[in-house]
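Read off the chains here:
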Amino acid sequence: DAGITQSPRHKVTETGTPVTLRCHQTENHRYMYWYRQDPGHGLRLIHYSYGVKDTDKGEVSDGYSVSRSKTEDFLLTLESATSSQTSVYFCAISEGRGRTDTQYFGPGTRLTVL
Amino acid sequence: SQQGEEDPQALSIQEGENATMNCSYKTSINNLQWYRQNSGRGLVHLILIRSNEREKHSGRLRVTLDTSKKSSSLLITASRAADTASYFCATVDVQGAQKLVFGQGTRLTINP
């Protein structure tokens, strides 16, 4: 999975609790992304980062925040988890040299909010 | 909103046959990419085709792009059981630098 790790890989939590997912890369790529994957929706972009402390919203950013204090780490936080945030979350990276760059994906985190 | 609409949603064929998946999109694009996802795994990039290209090959993969129809197809020739996976198209919009918009995917099953 191209030098990308996600932690935890599985998590079960209760509604209203905060949750933080971590993505770590060893490729020194500039861009990092968080997606969620749900049946019938494919992958949808939550937030992305184009450098340390530089982030922007994606298509489904409500209820999520992100932080990137180091090139290699991109954190996704659910401030108060809801059942609608039960999903599989994928981190991805890209080099960012141009608009043709492909993305490399982590193994995913399965989150269940009860 | 999803950019791509993939067709069919599911496809089941016999090993050795060719598999064709189609993707339609809505906006003007810089490039279109195809990814594969094995069950329980992350996505893996297969091939990229730029907006000024019409056809591209990589091994047993052939991708076509018709920008006038805003559509692309992925052909896998001589399919193998290991090709069983979900396949997604993803587009890079001319306005949306460095962001991919994914279709909902085609679930391909190769029967031995």
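Residues numbered from 1 in each chain as written. Chains lettered and ligands numbered in written order. Predicted model: local features only at pLDDT ≥ 70, side-chain atom pairs only at ≥ 80, totals over all residues. Heavy atoms only, no water.

Q: Would you mind going over the overall build of chain B with me for this structure?
A: Counting secondary structure elements, chain B contains zero helices and 11 strands. Along chain B, helices and strands appear, N-terminal first, in the series β-β-β-β-β-β-β-β-β-β-β. Against the 2.2 N^0.38 benchmark of 13 Å for 112 residues, chain B shows a C-alpha radius of gyration of 13 Å, consistent with a compact globule. Reported as C-alpha extents along the three principal axes, the dimensions of chain B are approximately 45 × 30 × 20 Å. (Helix = DSSP H or I, 4+ residues; strand = E, 2+ residues; numbered from the N terminus. Rg over C-alpha atoms; globule rule 2.2 N^0.38 Å.)

Q: What am I meant to see in the layout of surface pockets here?
A: To find the voids left in a structure, one rolls a probe of water-molecule size over its atoms. Empty space within the largest pocket amounts to approximately 540 Å³. For the largest pocket, the lining is made up of 27 residues, of which Q37 of chain A together with Q37, G40, S86 and F88 of chain B are closest to its centre. Mapped by element, the contributors of at least two residues to the lining of the largest pocket are β4 (31-38), β9 (87-94) and β11 (109-113) of chain A together with β9 (85-93) and β11 (106-111) of chain B. With three residues, the single largest contributor to the lining of the largest pocket is β9 of chain A. (1 Å grid on protein atoms, 1.4 Å probe; cavity = no way out; pocket = protein on both sides within 12 Å on 5 of 7 lines; lining within 4 Å. Points joined across faces, edges and corners; volume = space filled by probe spheres on them.)

Q: Please clarify how the interface of chain A and chain B should be interpreted in this entry.
A: When the parts of a complex come together, some accessible area is lost, and that lost area is often taken as the interface size. Between chain A and chain B, the residue contacts involve 26 residues of the former and 25 residues of the latter. Summed over both partners, the interface of chain A with chain B comes to about 2,000 Å²; 48% of that surface belongs to carbon and sulfur atoms. Our count for the chain A to chain B interface comes out at zero salt bridges. Taken together, chain A and chain B are joined by two residue pairs in polar contact (both at pLDDT 80 or more). Broken down by secondary-structure element, the contributors of at least two residues to the side of chain A that touches chain B are β4, β5 (42-51) and β9 of chain A. A total of five residues in the side of chain A that touches chain B trace back to one element, the largest contributor, which is β5 of chain A. Here the residues of the side of chain A that touches chain B are counted per class, giving nine nonpolar, 11 polar and six charged. (Contact = heavy atoms within 4.5 Å. Buried area = accessible area lost by both parts, 1.4 Å probe. Salt bridge = Lys/Arg side-chain N within 4 Å of Asp/Glu carboxyl O. Polar contact = N/O pair within 3.5 Å; in protein donor to acceptor, adjacent residues only side chain to side chain. Nonpolar A, V, L, I, M, F, W, Y, C, P; charged D, E, K, R; others polar.)

Q: Could you clarify how one ought to interpret the side chain of T77 of chain A in this entry?
A: Residues and elements named next belong to chain A. Among the structural elements, T77 can be located in strand β8 (residues 73-78). Within the structure, the side chain of T77 is placed 3.2 Å from the side chain of T20, a separation counted as a polar contact. Excluding residues within four positions of it along the chain, T77 makes contact with V19, T20, G63, Y64 and S65.

Q: Even after reading the chapter, I still don't get unusual backbone geometry, so can you show me in this structure?
A: Across residues other than glycine, the phi torsion is negative in most instances, and most of the peptide bonds are trans. A cis geometry characterises the amide bond from S7 of chain A onward to P8 of chain A, with omega recorded as -10°. Topologically, P8 of chain A is positioned in the loop between β1 (4-7) and β2 (10-13). That bond from D7 of chain B to P8 of chain B is cis: its omega, -5°, falls within 30 degrees of zero. Following the sequence through the fold, P8 of chain B ends up in the loop between β1 (5-7) and β2 (10-14). Of note, K53 of chain A is a non-glycine position whose phi angle comes to about 70°, a positive value. Of the residues examined, K53 of chain A reaches a relative accessible area of 69% and is grouped as exposed. Located in the positive-phi region is A78 of chain B, a residue other than glycine, with phi close to 45°. Examined against the element boundaries, A78 of chain B turns out to sit in the loop between β8 (71-76) and β9. (Buried < 20%, exposed > 50% of the residue type's maximum accessible area, 1.4 Å probe, protein only.)

Keep in mind these numbers describe shape, not what the thing actually does.
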